[in-house]
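One-letter residues, chain by chain:
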Amino acid sequence: MRGHPYVKSALDMACWDILGKVCGRPVVSLLGGRFGETFALYRAISQESPEKMSEMVGVYRTQGYTKFQLKVGGDPDTDIERIRLASAQLGRGDVLVADANTGWTQHQAVRVADAVRAMDVYLEQPCLRYEECLAVREHTSRPFILDEAIEDIGAVLRGYQDRAMDVINLKISKVGGLTKARQIRDLCVSLGIAMTIEDTWGGDIVTAAIAHLAHSTPPPMLFSSTDFNSYVTVSIVEGAPQRDGDRLAAPLSGVRIVKYLLWLLLPAAMATGQPHGIEQTDFPPAEFRDRRAKVFDAIGRNSIAIVPGASAIDAPPIFRQSNEFYYLSGIESANSYLLLDGRTRRTTVYQQHRSPAWERQVGPVVGAEDVTRHGPVNGKFTADQRALCNFVFAYRQAFLKRIKPGVTPEQVLAEARAEMAGYLKTLAFTKDSYRKAAENALQFAGHLQHSVGMTVHDVGSYRRKEFVPGLVFSVDPMLWIPEENLYVRMEDVIVVTETGIENFTDFLPGKPDDIEKLMREEGILQLRAPTNP
């Protein structure tokens, strides 16, 4: 099955964990063996005022950290001041990275690079497109890191040939799991390219995978790493590595990854059981039940089987389901999954929500891709959380009503930002950090994200150009509260029409009341309650 690297990553991690248990060896030894007793971590500094971010560098230095990643990528003048004040806090041997997360245009990135040329700082992924990053790289003598541009071995080889970077950010799930990440790691070691080894996000399981790969990497090539279970409040496994100051070590015993495989898959697929799919009518349902019964006999009572259907991303003009999925289900919808539970001998089909708007564009499918909605874990927003959710929802509306042919993303962003500054004054928060998070969201330039086409993150850029009919892209307002590890995001996929837009994902809940209503519905939490390992 092509595509779906984030879903495959969960499966791949589980396979490495199983292999380690069968062999009686920790995964770190299978990946190359441990170098030393521990390895160093960096600390991320979320976007705040220059003074606050500088202060946090000082705080984390007192905790033993020597590597710091500043989240920049907003207003260039503010970012220059952030870097200047943070670099003044550094001691001998400290490392500072200014991570723009694609947030600057090329000319803004060149301005920042010129302004910080005398400072001891690394520049990370300043622009969205590889070609833009390369132009900035060729303009500056500051050491350079590529992150979002690194998706596979081909991207590493291209960057090496162009001398486009000194360091890469290797994210395990983005490349499809530990197997491919190890291949890229070994290639970088042979080419002399240093790496930050981490992932896009996670908890105990992802932190364990990071630790095994990072700890088996030769120290000269391990630029830095991070742990995610220090940033979350719920532990889901036993035996996960725990940070000691600014250091981490790969565990010598495995964690129970397979038991939690379903929990990793479901958020990535954003799937729920559907009453209707696109099914064949040539064979009786009993024939497919008999076929699945043979699978249950083979896997036994203590196992589950997950069978993915074919992806629509790289499909030919006429969709063809994968042989295995069709053989067991007869369902012809793309991006579907079968869960066969050996204990109950029941089969659950997961399909994306149907969208008439999307089907008018591409024909019968089950849903659209690359959509995010956040809700409270306990099903009920607090008053402050509700206010933040309302703010993000209003920001979304401010974007959507302004997007039309003939205007640019920069115009939409500026006008929506001005409207939301007035709206923010009407909100009352009990904590200053909440208001600061909303203010920072108005300075962030990455809310109009990426093109969507044959792949979720399609090639090409629509920035600094007028919108034209037929353009499909992601609208993605978001905010962060690092003190509470709180993240609010609302993502939609839209197409520009002759008169405005059509929102393919408008059927999804967005308002707090609608999200709470959805979370009260019966779902996977009731079907399979979480248990301790």
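Criteria and thresholds
- Residues numbered from 1 in each chain as written.
- Predicted model: local features only at pLDDT ≥ 70, side-chain atom pairs only at ≥ 80, totals over all residues.
- Heavy atoms only, no water.
- Helix = DSSP H or I, 4+ residues; strand = E, 2+ residues; numbered from the N terminus.
- Buried < 20%, exposed > 50% of the residue type's maximum accessible area, 1.4 Å probe, protein only.
- Phe/Tyr/Trp six-rings, centres within 6.5 Å; stacked < 30°, edge-to-face > 60°.
- Lys NZ or Arg CZ within 6 Å of the ring centre and 35° of its normal.
- Contact = heavy atoms within 4.5 Å.
- Core = buried A, V, L, I, M, F, W, Y, C linked by side-chain atoms within 4.5 Å.
- Salt bridge = Lys/Arg side-chain N within 4 Å of Asp/Glu carboxyl O.
- Polar contact = N/O pair within 3.5 Å; in protein donor to acceptor, adjacent residues only side chain to side chain.
- Pairing = 2+ DSSP bridges.
- Axes fitted to C-alpha atoms, helices over the stretch in contact; angles between N-to-C directions.
- pLDDT = per-residue confidence, 0-100.
- Parallel < 35°, antiparallel > 145°, perpendicular 65-115°, else oblique.
- Left-handed = near helix turned anticlockwise from the far one by under 90°.
- Nonpolar A, V, L, I, M, F, W, Y, C, P; charged D, E, K, R; others polar.

Asks: Got a minute to help me understand unusual backbone geometry in this structure?
Replies: Peptide bonds are trans in most cases, and residues, glycine excluded, mostly fall at negative phi. Even without being glycine, threonine 102 reaches a positive phi, approximately 70 degrees. Note on placement: threonine 102 falls in the loop between β4 (95-99) and α5 (106-115). Phi is positive for glutamine 125, close to 35 degrees, though the residue is something other than glycine. Among the secondary structure elements, glutamine 125 is positioned in the loop between β5 (122-124) and α6 (130-139). Overall, the relative accessible area of 0% leaves glutamine 125 in the buried class.

Asks: What exactly am I supposed to notice about the packing of aromatic side chains here?
Replies: How two aromatic rings sit relative to each other is given by the distance of their centres and the angle of their planes. Enumeration over the complete set of coordinates arrives at 13 aromatic pairs. Aromatic pair phenylalanine 429 and tyrosine 434: ring centres 6.4 Å apart, planes at 85 degrees, arrangement edge-to-face. The exposure class assigned to phenylalanine 429 is buried, which follows from its relative accessible area of 15%. Judged by centre distance (5.3 Å) and plane angle (90 degrees), the ring pair of phenylalanine 444 and tryptophan 480 falls under edge-to-face. One end of the pair, phenylalanine 444, is in the loop between α16 (432-443) and β14 (448-451); the other, tryptophan 480, is in strand β16 (residues 478-481), and 36 residues separate them in sequence. Looking at phenylalanine 444, the relative accessible area reads 10%, which means it is buried. Judged by relative accessible area, which is 39%, tryptophan 480 ranks as partly exposed. If you follow lysine 67 out to its NZ or CZ, it ends over the ring of phenylalanine 223, 5.7 Å from the centre.

Asks: Even after reading the chapter, I still don't get the side chain of serine 173, so can you show me in this structure?
Replies: Position of serine 173 relative to the elements: it lies in the loop between β7 (167-171) and α8 (178-191). Serine 173 gets classed as buried once you look at its relative accessible area, which sits at 9%. Among residues more than four places away in sequence, those in contact with serine 173 are Pro5, Tyr6, Ser9, Met13, Asp199 and Thr200.

Asks: Help me understand the nonpolar core, please; the structure alone is not making it clear to me.
Replies: Across soluble globular proteins, nonpolar side chains show a tendency to be buried alongside one another. With 71 residues, the main nonpolar core has Leu70 and Ile168 as its most contacted residues. If one sorts the elements of this core by residue count, helix α9 (residues 204-215) sits on top with 7 residues. Not counting residues up to four positions away in its chain, the partners in contact with isoleucine 168 are Ile145, Leu146, Ile150, Val156, Ile184, Cys188, Ile193, Ala194, Met195 and Thr196. One finds Val412, Ala438, Leu479 and Ile481 within the second-largest nonpolar core, a separate group that totals 37 residues.

Asks: Mind showing me how you'd approach the pattern of salt bridges here?
Replies: Here the idea is simple: oppositely charged side chains can pair when their charged atoms come close. Under the definition given, this model contains 28 salt bridges. Of the charged contacts in the structure, one is a salt bridge between arginine 386 and glutamate 516, with a shortest N-O distance of 3.1 Å. On the criterion of sequence distance, the pair formed by arginine 386 in helix α14 (residues 383-400) and glutamate 516 in helix α17 (residues 512-520) is long-range, its members being 130 residues apart. On the accessibility criterion, arginine 386 (23% relative accessible area) is partly exposed. Judged by its relative accessible area of 3%, glutamate 516 is buried. Bridged by salt links that share partners, the residues Lys380, Arg386, Asp513 and Glu516 form one connected network.

Asks: I tried to follow the side chain of serine 225 on my own but got confused; where do I start?
Replies: Tracing the backbone shows serine 225 in strand β9 (residues 222-225). Since its relative accessible area comes to 0%, serine 225 is described here as buried. At 2.6 Å, the side chain of serine 225 and the backbone oxygen of isoleucine 197 are in polar contact. For serine 225, the contacting residues outside a window of four places in its chain are Phe39, Ala40, Leu41, Tyr42, Thr196, Ile197, Ile210 and Ala214.

Asks: For this particular structure, what's the right way to read the sheet that holds strand β12 (residues 337-341)?
Replies: Adjacent strands of a sheet pair through backbone hydrogen bonds, lying either parallel or antiparallel. Pairing in this open sheet of 3 strands is antiparallel, and the strands run β11-β12-β13 from one edge to the other. Each edge of the open sheet is held by one strand with a lone partner, namely β11 (304-308) and β13 (346-350). When strand polarity is set aside, the average angle formed by the axes of neighbouring strands in this sheet is 15 degrees. By the bridge criterion, 5 bridges tie β11 to β12 in an arrangement that is antiparallel.

Asks: Got a minute to help me understand the confidence of the model for the chain in this structure?
Replies: Low pLDDT means the predicted atomic positions in that stretch should not be read closely. Confidence in the prediction of the chain, expressed as mean pLDDT, is 84, and 85% of residues score 70 or more. Within the model, the stretch residues 256-277 combines pLDDT values under 50 with 56 contacts to residues more than four positions away or in other chains.

Asks: I keep staring at the sheet that holds strand β2 (residues 43-45) and nothing clicks. Help me out?
Replies: Read across the sheet, 8 strands follow the order β2-β3-β4-β5-β6-β7-β8-β9 without closing on themselves; strand pairing throughout is parallel. At either end of the open sheet lies a strand with only one pairing partner, and these are β2 and β9. Strand after strand, the sheet turns through a mean of 25 degrees between neighbouring axes, direction not considered.

Asks: Is there a simple way to explain the packing of helix α3 (residues 50-62) against helix α4 (residues 76-87) in this structure?
Replies: Two numbers describe how α3 lies on α4: the axes approach to 8 Å, and their chain directions differ by 30 degrees. By the angle between their axes, α3 is roughly parallel relative to α4. Of the two possible hands of crossing, α3 and α4 adopt the one that is right-handed. Facing Pro50, Glu51, Met53, Ser54 and Val57 of α3, the residues of α4 in contact are Thr78, Glu81, Arg82, Leu85 and Ala86. Class assignment for the residues of the contact of α3 with α4 results in 5 nonpolar, 2 polar and 3 charged.

Asks: How should I be thinking about the environment of isoleucine 153 in this particular structure?
Replies: Residue placement: isoleucine 153 occurs in helix α7 (residues 153-162). By relative accessible area, which is 32% here, isoleucine 153 ends up partly exposed. In the structure, isoleucine 153 is positioned 31 residues away from isoleucine 184 in sequence and 5.9 Å away in space, judged by C-alpha atoms. Discounting chain neighbours no more than four positions away, the residues touching isoleucine 153 are Gln183, Ile184 and Leu187.

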